[in-house]
Amino acid sequence: NGHAKASDGNNDAKACTDALRNQIKMEFEASLQYMMMGIHFAQDTISLEGFSKTFFESANEERQHGIKFIEYLKMRGDDQIDLGIDVLAPILGKESWTDGTDALRDALKMEKAVSKSIKDMIEICDANGDHYSNDWLTGDRSESTRLNSSHITISYAVFCLKKKKRIKKRKSKREISRQHTKIQ
C-alpha cells in the first residue's frame, strides 16, 4: 500500500501483538467496571462520594492505559485493532455491591488480574523475540508500574476497611462481655 510500517514480521511477533490487542480490551473492560462501581456509589440512595470519586478516577486511569496501548500499536503500524465494541462489557459483569468493602475486594481482584495479564504479556513478548514491545512495556512508560497507582490505593483501602471491621468487632465483643458481667 506504499505506507511504511514499524511492524515488519522480523522485529515484532504476532503472539505479542495479539497479547497487546487483548490487553487493550481488558483495560477498557476494567474501565467500564470501574464506571459501574462509580455509578453505583454515586446513587442518591447510597451516596458514598469518596468511593464514587475513587472508582471514576480508576475508570479514567484504565481508559488511559488502553489508549496508551492503542497508540503504541498504531505507532508499530497495526491496523487491525478491534475492541469488540459489540461485546465489550464490565470485566466482572457486576452492577451492584453490598458495601464498600465488597466493591474494594472486587477492585483489588480486578487490579490483580489486569496486572497479571500485563506480566504475562511481557513474558509472551520476550519469549517470542519482540524486543521492541518488551522494551516499551518495561521502560519508563511501563504499564507494569500500574502497581504504583490504583493497585496500591485499592489495597490500602481494603486494609483500612478490614482494620475498621476488626476494631468494631473487638468493641462489640467488649460490650457483650460488659453486658454479660452486669447480668451476673
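Residues numbered from 1 in each chain as written. Predicted model: local features only at pLDDT ≥ 70, side-chain atom pairs only at ≥ 80, totals over all residues. Heavy atoms only, no water.

Turning our attention to the pattern of salt bridges. Enumeration according to the criterion identifies 10 salt bridges in this entry. A salt bridge links lysine 14 to aspartate 18; the shortest N-O distance between them is 2.7 Å. Of this pair, lysine 14 and aspartate 18 both sit in helix α1 (residues 14-42), four residues apart, roughly one helical turn. The class for aspartate 18 is partly exposed, based on a relative accessible area of 24%. Aspartate 18 serves as the salt-bridge partner of arginine 21, at 3.0 Å between the closest nitrogen and oxygen. With a gap of three residues between them, arginine 21 and aspartate 18 both fall in helix α1, about one helical turn apart. Where salt bridges share partners, they join Lys14, Asp18, Arg21 and Asp78 into one cluster. (Salt bridge = Lys/Arg side-chain N within 4 Å of Asp/Glu carboxyl O. Helix = DSSP H or I, 4+ residues; strand = E, 2+ residues; numbered from the N terminus. Buried < 20%, exposed > 50% of the residue type's maximum accessible area, 1.4 Å probe, protein only.)

In the contact formed by α1 and helix α2 (residues 49-75), the axes pass within 7 Å of each other and the chain directions differ by 160°. Relative to α2, α1 is oriented roughly antiparallel. Judged by the twist between their axes, the crossing of α1 over α2 is left-handed. Across the contact of α1 with α2, the residue classes break down as 19 nonpolar, eight polar and four charged. (Axes fitted to C-alpha atoms, helices over the stretch in contact; angles between N-to-C directions. Parallel < 35°, antiparallel > 145°, perpendicular 65-115°, else oblique. Left-handed = near helix turned anticlockwise from the far one by under 90°. Nonpolar A, V, L, I, M, F, W, Y, C, P; charged D, E, K, R; others polar.)

This paragraph deals with helix α4 (residues 131-138). Where α4 is concerned, the buried positions are Ser133, Asn134, Trp136 and Leu137. Down the axis of α4, the sector holding all buried residues measures 160°, keeping them to one side. Projecting away from the buried face of α4 at angles above 90 degrees are the exposed residues His131, Tyr132 and Asp135. Here the buried face of α4 lies against α1, α2 and α3 (100-127). (Arc of directions from axis to C-beta. Contact = heavy atoms within 4.5 Å.)

Let's shift gears to the nonpolar core. Core analysis: the biggest nonpolar cluster contains 29 residues, and Leu20, Tyr34, Met37, Phe55, Phe69, Met121 and Leu137 have the highest contact counts within it. When contributions to this core are tallied by element, the ones reaching two or more residues are α1, α2, α3 and α4. Among the elements that make up this core, the one with the highest residue count is α1 (10 residues). Those residues in contact with phenylalanine 55, other than ones at most four positions away along the chain, are Tyr34, Met37, Gly38, Phe41, Ala103, Leu104 and Ala107. (Core = buried A, V, L, I, M, F, W, Y, C linked by side-chain atoms within 4.5 Å.)

Below, the discussion takes up the environment of aspartate 126. Structurally, aspartate 126 can be placed in helix α3. Owing to a relative accessible area of 44%, aspartate 126 belongs among the partly exposed residues under this scheme. Taking the C-alpha atoms as reference, aspartate 126 lies 8.4 Å from cysteine 16; in sequence the two are 110 residues apart.

Taken N-terminus to C-terminus, the directions of α3 and α4 make an angle of 150°; their axes are 8 Å apart at the nearest point. Comparing the axis directions of α3 and α4 gives the class roughly antiparallel. In the packing of α3 onto α4, the handedness of the crossing is left-handed. Of the residues in α4, those in contact with Met121, Ile122, Cys125 and Asp126 of α3 are Ser133, Asn134, Leu137 and Thr138. Classifying every residue of the contact of α3 with α4 by side-chain character gives four nonpolar, three polar and one charged.

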